[in-house]
Amino acid sequence: MPITDEIKKTLTDPTPLYALAGAGDLAYEKLREVPGRVEALAADRQGAQEKATARLHEAQELLAGAPAKVTGAVTAFPTDLKVLQERAQGFALQQVARALELAVRAKETYDELAERGKVVVDKARPHTDADPTQVPVDPAVDPAFETAPVEAELLDAPAAPADPAADPAAPAPKKPARPRKNTPSATE
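Reading guide: rules and limits
Residues numbered from 1 in each chain as written. Predicted model: local features only at pLDDT ≥ 70, side-chain atom pairs only at ≥ 80, totals over all residues. Heavy atoms only, no water. Helix = DSSP H or I, 4+ residues; strand = E, 2+ residues; numbered from the N terminus. Buried < 20%, exposed > 50% of the residue type's maximum accessible area, 1.4 Å probe, protein only. Contact = heavy atoms within 4.5 Å. Areas by Shrake-Rupley, 256 points an atom, 1.4 Å probe, with all protein chains shown as cover. Expected span 1.5 Å × (residues − 1). Salt bridge = Lys/Arg side-chain N within 4 Å of Asp/Glu carboxyl O. Axes fitted to C-alpha atoms, helices over the stretch in contact; angles between N-to-C directions. Parallel < 35°, antiparallel > 145°, perpendicular 65-115°, else oblique. Nonpolar A, V, L, I, M, F, W, Y, C, P; charged D, E, K, R; others polar. Patch = residues over 30% accessible without salt bridge, like charges linked within 9 Å, V, L, I, M, F, W, Y side chains within 5 Å. pLDDT = per-residue confidence, 0-100.

Draft legend 1. Representation of the overall build of the protein chain. Secondary structure summary: the protein chain contains four helices and zero strands in total. Of the regular secondary structure in the protein chain, the N- to C-terminal order runs α-α-α-α. In the protein chain, which comprises 188 residues, the proportion classed as buried is 5%. In the protein chain, 78% of the contacts between residues at least 6 apart in sequence involve partners at least 24 apart. Within the structure as shown, the protein chain displays about 17,700 Å² of accessible surface, and the carbon and sulfur contribution to it stands at 62%.

Draft legend 2. Summary view of the environment of A21. Structurally, A21 can be placed in helix α2 (residues 15-43). Counting along the chain gives 92 residues from A21 to L113, while the straight-line C-alpha distance between them is 7.7 Å. Those residues in contact with A21 that lie beyond four places of it in its chain are G117 and V121.

Draft legend 3. Representation of helix α4 (residues 81-124) within the structure. Helix length check: α4, at 44 residues, gives a terminal C-alpha distance of 64 Å against a target of 64 Å (1.5 Å per residue), a fit within 8%. Buried residues belonging to α4 abut α2.

Draft legend 4. Representation of the pattern of salt bridges within the structure. Per the stated rule, a full pass over the model turns up seven salt bridges. For the salt bridge of E29 with R116, the shortest nitrogen-to-oxygen distance reads 2.5 Å. Linking E29 in helix α2 with R116 in helix α4, this pair joins segments that are 87 residues apart in sequence. Its relative accessible area of 23% is what places R116 among the partly exposed residues. Among the salt bridges present, the one from D111 reaches K107, with a minimum N-O distance of 3.1 Å.

Draft legend 5. Quick look at the packing of α2 against α4. Put simply, α2 and α4 touch, their axes get as near as 6 Å, and they point 85° apart. Taken together, the axis directions place α2 and α4 in an arrangement best described as roughly perpendicular. Between α2 and α4, the contacting residues are T15, P16, Y18, A19, A21, G22, A23, D25, L26 and E29 on the first element and Y110, L113, A114, R116, G117, K118, V120 and V121 on the second. Across the contact of α2 with α4, the residue classes break down as 11 nonpolar, three polar and four charged.

Draft legend 6. Local environment of a nonpolar patch on the surface. The grouping of I3, I7 and L11 at the surface amounts to a nonpolar patch, some 340 Å² of accessible area in total. When you line up the elements, L11 lands in helix α1 (residues 2-12).

Draft legend 7. How the structure looks around the confidence of the model for the protein chain. With 66% of its residues at a pLDDT of at least 70, the protein chain reaches an overall mean of 77. Predicted confidence is poor over residues 144-155, with pLDDT under 50, and the contacts of this stretch with residues over four places away or in other chains come to two contacts.

Printed below as a string of C-alpha coordinates:
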(Lines give C-alpha, C1' and ligand atoms only; values in the text may rest on other atoms or scores of the structure.)
Protein backbone atom coordinates (compact mmCIF):
# COMPACT_ATOMS: atom_id res chain seq x y z
CA MET A 1 0.00 0.00 0.00
CA PRO A 2 2.46 2.69 -1.05
CA ILE A 3 -0.28 5.24 -1.72
CA THR A 4 -1.62 5.12 1.83
CA ASP A 5 1.94 5.31 3.17
CA GLU A 6 2.54 8.42 1.08
CA ILE A 7 -0.73 9.97 2.29
CA LYS A 8 0.14 9.23 5.92
CA LYS A 9 3.61 10.69 5.43
CA THR A 10 2.13 13.81 3.83
CA LEU A 11 -0.46 14.28 6.57
CA THR A 12 2.02 13.76 9.40
CA ASP A 13 4.76 15.98 7.96
CA PRO A 14 4.85 19.16 10.07
CA THR A 15 7.13 21.05 7.64
CA PRO A 16 4.34 23.09 5.95
CA LEU A 17 3.08 24.22 9.34
CA TYR A 18 6.60 25.10 10.40
CA ALA A 19 7.07 27.08 7.18
CA LEU A 20 3.82 28.94 7.84
CA ALA A 21 4.88 29.73 11.41
CA GLY A 22 8.28 30.87 10.12
CA ALA A 23 6.66 33.13 7.52
CA GLY A 24 4.45 34.65 10.20
CA ASP A 25 7.43 35.23 12.46
CA LEU A 26 9.39 36.84 9.61
CA ALA A 27 6.42 39.09 8.75
CA TYR A 28 6.10 40.09 12.40
CA GLU A 29 9.80 40.93 12.53
CA LYS A 30 9.62 43.05 9.37
CA LEU A 31 6.49 44.86 10.55
CA ARG A 32 8.28 45.80 13.76
CA GLU A 33 10.88 47.63 11.61
CA VAL A 34 8.27 49.75 9.78
CA PRO A 35 7.84 52.51 12.40
CA GLY A 36 11.60 53.12 12.47
CA ARG A 37 11.75 53.40 8.70
CA VAL A 38 8.79 55.75 8.61
CA GLU A 39 10.44 57.97 11.22
CA ALA A 40 13.69 57.97 9.23
CA LEU A 41 11.86 58.98 6.05
CA ALA A 42 9.94 61.69 7.86
CA ALA A 43 13.17 63.04 9.35
CA ASP A 44 14.91 63.11 5.96
CA ARG A 45 11.99 64.54 4.00
CA GLN A 46 14.19 67.02 2.12
CA GLY A 47 16.64 64.32 1.02
CA ALA A 48 13.82 62.06 -0.16
CA GLN A 49 12.30 64.93 -2.15
CA GLU A 50 15.66 65.66 -3.83
CA LYS A 51 16.08 61.98 -4.76
CA ALA A 52 12.60 61.89 -6.26
CA THR A 53 13.30 65.04 -8.30
CA ALA A 54 16.59 63.57 -9.60
CA ARG A 55 14.84 60.36 -10.66
CA LEU A 56 12.17 62.34 -12.43
CA HIS A 57 14.81 64.24 -14.44
CA GLU A 58 16.55 60.95 -15.34
CA ALA A 59 13.26 59.45 -16.52
CA GLN A 60 12.54 62.51 -18.66
CA GLU A 61 15.98 62.28 -20.29
CA LEU A 62 15.49 58.57 -21.04
CA LEU A 63 12.06 59.28 -22.50
CA ALA A 64 13.50 62.00 -24.75
CA GLY A 65 16.12 59.59 -26.13
CA ALA A 66 13.70 56.67 -26.57
CA PRO A 67 12.51 57.44 -30.14
CA ALA A 68 16.10 57.49 -31.41
CA LYS A 69 16.86 54.16 -29.72
CA VAL A 70 13.73 52.54 -31.18
CA THR A 71 14.61 53.76 -34.67
CA GLY A 72 18.16 52.43 -34.31
CA ALA A 73 16.94 49.05 -33.07
CA VAL A 74 14.47 48.68 -35.95
CA THR A 75 17.07 49.52 -38.59
CA ALA A 76 19.63 47.19 -36.97
CA PHE A 77 17.09 44.36 -36.67
CA PRO A 78 18.53 41.35 -38.45
CA THR A 79 16.65 40.22 -41.49
CA ASP A 80 18.27 36.81 -41.51
CA LEU A 81 15.85 34.20 -40.20
CA LYS A 82 18.64 31.99 -38.78
CA VAL A 83 19.95 34.81 -36.60
CA LEU A 84 16.45 35.49 -35.25
CA GLN A 85 15.93 31.79 -34.53
CA GLU A 86 19.25 31.54 -32.67
CA ARG A 87 18.44 34.58 -30.57
CA ALA A 88 14.99 33.23 -29.70
CA GLN A 89 16.45 29.86 -28.77
CA GLY A 90 19.13 31.49 -26.63
CA PHE A 91 16.51 33.61 -24.91
CA ALA A 92 14.36 30.55 -24.19
CA LEU A 93 17.33 28.70 -22.67
CA GLN A 94 18.12 31.72 -20.51
CA GLN A 95 14.54 31.74 -19.23
CA VAL A 96 14.64 28.02 -18.41
CA ALA A 97 17.87 28.53 -16.48
CA ARG A 98 16.32 31.47 -14.65
CA ALA A 99 13.23 29.42 -13.78
CA LEU A 100 15.41 26.62 -12.37
CA GLU A 101 17.40 29.12 -10.35
CA LEU A 102 14.19 30.61 -8.95
CA ALA A 103 12.88 27.13 -8.07
CA VAL A 104 16.07 26.35 -6.14
CA ARG A 105 15.89 29.68 -4.32
CA ALA A 106 12.22 29.09 -3.49
CA LYS A 107 13.03 25.67 -2.01
CA GLU A 108 15.87 27.18 0.05
CA THR A 109 13.57 29.92 1.32
CA TYR A 110 10.89 27.35 2.18
CA ASP A 111 13.43 25.28 4.13
CA GLU A 112 14.69 28.39 5.97
CA LEU A 113 11.13 29.37 6.90
CA ALA A 114 10.43 25.82 8.09
CA GLU A 115 13.50 25.90 10.33
CA ARG A 116 12.52 29.31 11.67
CA GLY A 117 8.97 28.08 12.27
CA LYS A 118 10.23 24.99 14.09
CA VAL A 119 12.13 27.25 16.48
CA VAL A 120 9.01 29.42 17.01
CA VAL A 121 6.78 26.39 17.60
CA ASP A 122 9.29 24.78 19.95
CA LYS A 123 9.43 28.00 21.99
CA ALA A 124 5.63 28.19 22.21
CA ARG A 125 5.01 24.49 22.87
CA PRO A 126 5.07 23.22 26.45
CA HIS A 127 8.05 20.92 26.78
CA THR A 128 7.07 17.27 26.92
CA ASP A 129 8.79 14.02 26.12
CA ALA A 130 6.37 13.35 23.24
CA ASP A 131 7.70 13.30 19.71
CA PRO A 132 6.19 16.35 17.87
CA THR A 133 6.16 14.52 14.56
CA GLN A 134 3.96 11.70 15.86
CA VAL A 135 0.25 12.12 15.37
CA PRO A 136 -2.06 10.30 17.78
CA VAL A 137 -3.74 7.39 16.04
CA ASP A 138 -7.52 7.20 16.14
CA PRO A 139 -8.68 3.57 16.39
CA ALA A 140 -11.79 4.41 14.33
CA VAL A 141 -9.59 5.62 11.47
CA ASP A 142 -6.82 3.00 11.64
CA PRO A 143 -8.20 -0.50 12.28
CA ALA A 144 -4.64 -1.81 12.68
CA PHE A 145 -4.39 0.18 15.90
CA GLU A 146 -5.05 -2.21 18.75
CA THR A 147 -5.72 -1.28 22.32
CA ALA A 148 -5.11 -3.40 25.36
CA PRO A 149 -8.15 -4.03 27.54
CA VAL A 150 -8.29 -1.72 30.52
CA GLU A 151 -9.23 -3.16 33.87
CA ALA A 152 -11.13 -0.79 36.10
CA GLU A 153 -10.30 -0.65 39.77
CA LEU A 154 -13.30 -0.25 42.01
CA LEU A 155 -12.94 2.24 44.79
CA ASP A 156 -14.59 1.88 48.16
CA ALA A 157 -17.30 4.50 48.15
CA PRO A 158 -20.12 4.97 50.59
CA ALA A 159 -23.31 3.38 49.34
CA ALA A 160 -26.01 5.75 48.22
CA PRO A 161 -29.16 5.72 50.35
CA ALA A 162 -32.10 3.92 48.83
CA ASP A 163 -34.38 6.89 49.50
CA PRO A 164 -32.97 10.22 48.20
CA ALA A 165 -35.26 12.12 50.57
CA ALA A 166 -33.56 10.44 53.54
CA ASP A 167 -30.19 12.06 52.69
CA PRO A 168 -30.37 15.80 53.53
CA ALA A 169 -27.06 16.52 51.70
CA ALA A 170 -28.33 15.08 48.43
CA PRO A 171 -29.39 17.61 45.80
CA ALA A 172 -33.08 17.95 45.08
CA PRO A 173 -34.27 15.96 42.08
CA LYS A 174 -34.78 17.95 38.91
CA LYS A 175 -38.25 18.66 37.64
CA PRO A 176 -39.20 16.81 34.49
CA ALA A 177 -38.91 18.86 31.32
CA ARG A 178 -42.12 20.43 30.10
CA PRO A 179 -43.22 19.47 26.61
CA ARG A 180 -42.70 22.14 23.99
CA LYS A 181 -45.58 23.76 22.27
CA ASN A 182 -45.93 22.91 18.65
CA THR A 183 -45.00 25.97 16.65
CA PRO A 184 -45.43 26.13 12.90
CA SER A 185 -42.12 25.70 11.17
CA ALA A 186 -40.81 27.98 8.48
CA THR A 187 -41.23 25.26 5.85
CA GLU A 188 -44.98 24.86 6.31
